[in-house]
Every structure is written in C-alpha cells, then in structure tokens.
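A closer look at the structure
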Amino acid sequence: MGIFSKEALRRPTTDVLTERDAYLAMDAAVKTARQLYSDAQLLFANARWPRAAAVAVLCLEEVGKVRLVLRIEDARDEQERRKAWEDYLNHPLKISQSATPGQAHNDEHRRQLSLKFGRELDQLKQFGFYSNWLVSGAWVQPDEVITQRDAELMVTWARVMVEQLQSWESVR
C-alpha cells in the first residue's frame, strides 16, 4: 500500500488522538507552516504575487490545524470528536482558525463570520494558482486578480501567525 493509496488517505471521522498523536500532528503542522511561509517569502521576493499570496494562505491553513488538533484531542464524546474531525477536513474553516482568536469560534455568529472570511481566503488561494472563468464571461489569469499589495498582506499575516507558533513550541 503506497502513501497515496485510498487506504492510506482514509478520512478519519471519530478517531481518538492520544497526547502523542496530537503532539505529532501539531509538530507536523508547525513545520509545514514554516516551510510554506518560507516558500511564500521566496515567491514574494521574486515578484510572483499570486503564488506568494496563495502559498501564504496554505500556511494559514496549516496554522489553523494546530487549534483543530487540540479540539479533536479534547473532544468529550464521539459526537464532538466527529465534528472536530469534520472541521479539520474543511479548508476554509482551517484558514479561519488563524484569522480569529480561539474564543471567537465559541459564538455561532462570530464562527459564521470567520468561516465566511475563510471561504474568501480559500477563493483567493484558488485564484492565486489557477486561471478562472468568471461569471461575467471572462477568463482571468492569477496576475490579473491578485496584486502585489494582496500578496504583501497575506505574506505578512502568515509571518505573524508563524511567529505566534513559537509560543506553542515553548509549551512542548
């Protein structure tokens, strides 16, 4: 069975994470977030604005995984754990986890606003990688949609979030 086989990519729905599992998952997310941030910096430095912005959003998604892994680990029952795993597999929600303080997700209205923002950043990520057909009937290339300023904002945000991961590491 290869790493990309259907069995290896099984989507967990109620798996319990041990403290060690959670640590390994968070450690992997932190390392990947740092690598993605570094890649976003390289792309930005080489004026590859759309890709820099898109990779910075991927970095934010990895940062969001840390909080979601803690939710899976801390789940009190199977229903809570299932919901936490569903959230873990939701790209806009992972992105939104790095957009708001942890308590914001306890209030349903704030959670919905945060998720909407996460969806918008997920869309930015898509526009940063691919040409797209717009409702207006036009094809657009990534560099027609994402500006240097957009990339600068996303890379800066990714930097701030990666720096905040330092405090997580001091706890381990």
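Residues numbered from 1 in each chain as written. Predicted model: local features only at pLDDT ≥ 70, side-chain atom pairs only at ≥ 80, totals over all residues. Heavy atoms only, no water.

Let's shift gears to the overall build of the protein chain. The helix and strand tally for the protein chain stands at seven helices and two strands. In the protein chain, the order of α-helices and β-strands from amino to carboxyl end is α-α-α-α-α-β-β-α-α. Here the protein chain holds 172 residues, and 41% of them are scored as buried. A sequence separation of at least 24 residues applies to 67% of the contacts in the protein chain between residues at least 6 apart. Only carbon and sulfur atoms are counted for the fraction: they give 52% of the accessible area of the protein chain, which is about 10400 Å². (Helix = DSSP H or I, 4+ residues; strand = E, 2+ residues; numbered from the N terminus. Buried < 20%, exposed > 50% of the residue type's maximum accessible area, 1.4 Å probe, protein only. Contact = heavy atoms within 4.5 Å. Areas by Shrake-Rupley, 256 points an atom, 1.4 Å probe, with all protein chains shown as cover.)

Bringing the confidence of the model for the protein chain into the picture now. Per-chain confidence: the protein chain averages 85 in pLDDT, with 82% of residues scoring 70 or above. Element-level mean pLDDT values for the protein chain span from 82 in helix 5 (residues 108-129) up to 95 in helix 1 (residues 19-45). (pLDDT = per-residue confidence, 0-100.)

As for its position among the elements, Ala53 is in helix 2 (residues 49-74). Each C-alpha atom of the pair Ala53 and Leu124 lies 7.8 Å from the other, and the pair is 71 residues apart in sequence. With sequence-adjacent residues up to four places away left out, Ala53 is seen in contact with Leu124, Ile146, Ala151 and Met154.

On to the nonpolar core. Judged by nonpolar contacts, the single largest core of 38 residues is most densely connected at Cys59, Leu121 and Met154. Counting only elements with at least two residues in this core, the list comes to helix 1, helix 2, helix 3 (78-88), helix 5 and helix 7 (148-171). At 12 residues, helix 2 tops the list of elements feeding residues into this core. (Core = buried A, V, L, I, M, F, W, Y, C linked by side-chain atoms within 4.5 Å.)

So, on to the pattern of salt bridges. Under the counting rule described, the total for this entry stands at 12 salt bridges. For the salt bridge of Glu61 with Lys94, the shortest nitrogen-to-oxygen distance reads 3.7 Å. Of this pair, Glu61 sits in helix 2 while Lys94 sits in helix 4 (residues 91-97), placing them 33 residues apart in sequence. Of the residues examined, Glu61 reaches a relative accessible area of 5% and is grouped as buried. Here Lys94 falls in the buried class, since its relative accessible area comes to 6%. (Salt bridge = Lys/Arg side-chain N within 4 Å of Asp/Glu carboxyl O.)

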